[in-house]
Amino acid sequence: MLIPAYNEEQRLVRTLDAVTAYLNDHADRWSTWEIVVADDGSTDATREVVVARRDPRVQLVVSPRNRGKGSALRRGAAVTRGRLLLVTDADLAAPIEELDQLDRTLADGHAAAIGSRAMPGATQDNRQHRMRELLGRAGNLLIRRTVVPGLRDTQCGFKLFDGDKAREAFAASRLNRWGIDVEVLHHFHRADWPVAEVPVHWSHQPGSKVRPWDYLRVLADLARIRIRPLGPADLVAAVLFLLMSVALYSGRVLDPDHRYLPDSLQDQNQWEWFFAVTADNVAHLRNPFFTDLQGFPEGVNLMANTVMLGLSVPFTPITQLFGPAVSLSLCMTLGLAATAAAWYWLIVRRVVRQRAAAFLGATLATFAPPMVSHANAHPNFVILFMVPLIIDRALRLCEGTRVTRDAVILGLMAAYQVFLGEETLLLAALGMLLFAVAYAVVRPEVVRATWRPLLRGLTVAAAVCLPLICYPLLWQFRGPQSYDAILHGDNAANSPMALLSFAERSLLAGDAHRADALSINPTEQNAFYGWPLALLAFAITVRLWERTLVRALAFTAVGAAVLSLGPRIPVPLTDTVLPGPWALLADRPLFESVIESRVAMICAPVLGMLLAVAVGRLAATRKLSTQYIGLLAVCLALLPLVPAPLKAVDRAEVPAFYAEGTWKGYVREGEALVPVPLPDPGAAEALHWQTAAGLGFRMPGGYFNGPFGDDRTGVYGAPLRYTADLLRTVRYTGDVPAITASAREEAARDLAHWKAGVLVLAPQPNDGPLREVVRKLVGRPGKWVDGVWVWDLHEGS
């Protein structure tokens, strides 16, 4: 039992007598008990009253000065040890006999049973002054509307809690005065620990320490609970997230113009081009959804490519001033840190209040192996700061308090996320659906209470979102150079072993050869959580199985992992292949273009939340041995996942032909510059040269998603014409084929289609055979101009 006390020498004697007599009389039910009196800096004989009991079961916790009820309860709760914790006021306005009712309610599966003067069946003697009652009712109404929905009386000083959960809640509290009751119940509400109100008999006792101005303080406390301004721990977490992001990109972040991430393959060139072309379109007031600077003359549907208009547009001033390499590097470094901060915020708000636990969970969610893999090349999969905000807003709809407002905000958030990454939004929705299904199975009564406001809110959110994205999506799916679906082959799913192995960039356990064998490429190592983390997650689930949140998170992680195995799941070390549940989604609209191994990325924040719950539970326990063993297990599971900085190499210099503008003398209005060979997803350095030239010329070929054939199937890069295919083959083989008259005619048709003004061959592997093939196709040798070989197609015309 915990009793806060401030100058209570008169009432505390009677209360302690009544409580100890009751507990001794019911020794068969309360065989072991303790009473902790938390003195809040009393100036009377309150402490002496407790000391005079001379009973080791009655303890005194002293504050050096008066700090408030919240401070006293926090100190007192920290020293309690019981399985149950009863918190009662020193006046014992609710008689100790009411403990029986609360205990029976707690035994029914609730985490807390709180006495209530507002429930049917409650009785009151010696009522408060009418003004106090009115103020109390107004306060309770405000509390229900803003902080703890559904509870009619949060301030009754008679509450029975599950001991461990109460200690966790009090340890996470920050308020020092009367708002502590609401803050603790708010913690239970956010943690989804069921709280029941129990009608009690209550009798107002004179001598209350609550003054009229304290009601205003409670209002201020409510604002603090809702707003929760950043504390020192939050600022430290944000700084650490930024430092971790900078460390990950340390090989490039200080000189992005001259450093390249080789594990990005050609994606860094592509993404810098995306930022450059978006800034160019915005600066010249052109259509941001389309360009013909690549893939000329057909062009590129930018909306059908992940150009992240939600960031590339607002980053336009930076791109224009400092270049796309700086803009992309800054965007990815800050975006990764912002993602970690957003997950941290969500975990603190919805999962666990301990900042250290939330920090570990957010770190795993953001710097898990698949996130590090995508950090090489895919900002749309690492800049996820909107996803935690969307999840939180969807959960607010379930609370049913301000459905319309929350739905409007959710609709705006979803619309913005479309311009950050549609596939990311789809995966987030899939993860939320898995969680909702699991939660509904475990807690069907919650579904019955929340489905109506949730459905109404989602309808309003859709009504807000769809008009904002309707035209861009119409352009994406039906505009020029749109495509229906893009296929990724039969090796796009995870192997079961990929879930348990270690990623290439693991600082301690990385195995590049094994990671390459289990993934498409270094940018798509979408699992690789390691067997120690899998064992830890399993142990956490078993140990905390009674918590609904843990069950739902565990189902979500397992469901996402199984879906990521694709439509056919090979059983390791056997020839057996099992049908996978992804087969139900693989051919459905939207899902048909998803790389199914990416579904395992859902596991990163889920495992982060499980880790946060476990560490929060460890922080609340009083057994040092349990804490040491638990933290050791956490360290052993996480150490193999610590990433090494991303690999970075010096970038090849841009040929002077492009950098110094020599190209301008060879490309006339409406013509294209044709790099030899044409840029494609395997070699897209020409995109970098084009951005270095200020996007002053158009070129055929390129690295983008576009249509192929009459059925408009999505492919990477432009469909290969004869000449493009020929030059591409020579680049990879070094063989010079026989060039016939028919080949020269095909080349002439291709050059005419591309409206080519000049052919340009930069130094590269097999540039000798390439130069010889172009000489035979064009009929004359090239000229060496400012670091490149040039064939001016205007000569002789």
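Rules of the game
Residues numbered from 1 in each chain as written. Predicted model: local features only at pLDDT ≥ 70, side-chain atom pairs only at ≥ 80, totals over all residues. Heavy atoms only, no water. Helix = DSSP H or I, 4+ residues; strand = E, 2+ residues; numbered from the N terminus. Polar contact = N/O pair within 3.5 Å; in protein donor to acceptor, adjacent residues only side chain to side chain. Core = buried A, V, L, I, M, F, W, Y, C linked by side-chain atoms within 4.5 Å. Buried < 20%, exposed > 50% of the residue type's maximum accessible area, 1.4 Å probe, protein only. Contact = heavy atoms within 4.5 Å. Axes fitted to C-alpha atoms, helices over the stretch in contact; angles between N-to-C directions. Parallel < 35°, antiparallel > 145°, perpendicular 65-115°, else oblique. Nonpolar A, V, L, I, M, F, W, Y, C, P; charged D, E, K, R; others polar. Expected span 1.5 Å × (residues − 1). Bend = angle between axes of the 7 residues up to and from the residue. Left-handed = near helix turned anticlockwise from the far one by under 90°. Pairing = 2+ DSSP bridges.

What follows is about unusual backbone geometry. A cis amide bond, omega 5 degrees, links Phe-296 with the succeeding residue Pro-297. One can find Pro-297 in the loop between strand 11 (290-291) and strand 12 (300-301). With an omega dihedral of -10 degrees, the bond running from Val-676 to Pro-677 counts as a cis peptide bond. Its place among the elements puts Pro-677 in the loop between strand 16 (672-675) and helix 28 (685-692). For Met-308, which is not glycine, the phi torsion reads 55 degrees and is therefore positive. Here Met-308 lies in the loop between strand 12 and helix 11 (309-312). Here Leu-695, not a glycine, exhibits a phi torsion of approximately 55 degrees, which is positive. Assignment of secondary structure puts Leu-695 in the loop between helix 28 and strand 17 (705-708).

Attention now goes to the environment of Asp-91. Note on placement: Asp-91 falls in the loop between strand 4 (84-88) and helix 4 (99-107). Sequence spacing of Asp-91 and Ile-3 is 88 residues, and the spatial spacing of their C-alpha atoms is 9.5 Å. Among the polar contacts listed, one links the side chain of Asp-91 to the backbone nitrogen of Ala-93, at a separation of 3.2 Å.

Attention now goes to the nonpolar core. Of all hydrophobic cores here, the largest spans 140 residues; its most connected members are Leu-533, Phe-657 and Leu-673. Considering each element in turn, this core owes the most residues, 11 residues, to helix 25 (residues 603-620). Membership of the second largest hydrophobic core comes to 32 residues, among which are Ile-3, Val-19, Cys-156 and Trp-202.

Attention shifts here to the side chain of Glu-272. Structurally, Glu-272 is set in helix 10 (residues 267-283). Looking at Glu-272, its side chain comes within polar contact range of the side chain of Arg-651, at 2.9 Å. Look past the residues within four positions of Glu-272 in its chain and what remains in contact with it is Arg-252, Pro-324, Ala-325, Leu-328, Arg-651, His-688 and Thr-691.

With their axes 8 Å apart at the nearest point, helix 29 (residues 722-733) and helix 30 (residues 741-754) run at an angle of 110 degrees to one another. For the element pair helix 29 / helix 30, the angle class is roughly perpendicular. Across the interface between the two elements, Tyr-722, Thr-723 and Ala-724 of helix 29 pack against Ala-743, Glu-746, Ala-747, Asp-750 and Trp-754 of helix 30. Residue composition of the contact of helix 29 with helix 30, grouped by class: five nonpolar, one polar and two charged.

All right, on to helix 20 (residues 444-478) then. With 35 residues, helix 20 should reach 51 Å at 1.5 Å per residue; the first-to-last C-alpha distance of 42 Å falls well below that figure. The largest bend in helix 20 comes to about 50 degrees, at Thr-450, with the proline Pro-453 one to four residues further on. Within helix 20, the full set of buried residues consists of Thr-450, Pro-453, Gly-457, Ala-461, Cys-465, Ile-469, Pro-472, Trp-475 and Gln-476. Where helix 20 is buried, its residues meet strand 11, strand 12, helix 17 (386-399), helix 18 (403-418) and helix 19 (422-442).

Where helix 17 meets helix 18, the axes come as close as 9 Å, and the angle between the chain directions of the two elements is 155 degrees. The angle between the axes of helix 17 and helix 18 places the two elements in the roughly antiparallel class. Considering the relative orientation of helix 17 and helix 18, their crossing is left-handed. Counting all contacts with helix 17, which are made through Met-386, Val-387, Leu-389, Ile-390, Arg-393, Ala-394, Arg-396 and Leu-397, the residues of helix 18 involved are Val-403, Arg-405, Asp-406, Ala-407, Ile-409, Leu-410, Met-413, Ala-414, Tyr-416 and Gln-417. Looking at the contact of helix 17 with helix 18, its residues break down into 13 nonpolar, one polar and four charged.

Right, let's talk about the sheet that holds strand 19 (residues 756-761) for a bit. Strand order in the open sheet formed by four strands is 16-19-21-20, and the pairing between neighbours is mixed. Looking at strand neighbours, the two that pair on one side only are strand 16 and strand 20 (783-785), the edges of this open sheet. Averaged over all pairs of adjacent strands, the angle between their axes in this sheet comes to 35 degrees, without regard to strand direction. Of the strand pairs in this sheet, strand 16 and strand 19 are connected by four bridges, and their pairing is parallel. Looking at strand 19, one finds that Val-674 is bridged to Leu-759.

The next point concerns the side chain of Ser-564. Relative to the assigned elements, Ser-564 resides in the loop between helix 24 (548-563) and strand 13 (568-570). Taking relative accessible area as the criterion, Ser-564 reaches 0% and is therefore assigned buried. Setting aside residues no more than four positions away along its own chain, Ser-564 makes contact with Ala-493, Asn-494, Leu-499, Glu-596, Ser-597, Val-599 and Ala-600.

Turning our eyes to something else, we now look at the pairing of strand 7 (residues 158-162). With four of five residues buried, strand 7 is to be regarded as a mostly interior element. By the bridge criterion, five bridges tie strand 4 to strand 7 in an arrangement that is antiparallel. The partner of Val-87 across the bridge, within strand 7, is Lys-159. In this sheet, strand 7 lies alongside strand 5 (residues 112-116) in antiparallel orientation, the contact comprising three bridges. Across the sheet, residue Ala-112 finds its bridge partner in strand 7, namely Phe-161.

Note that every value here comes from positions in space, so none of it alone points to a role or purpose.
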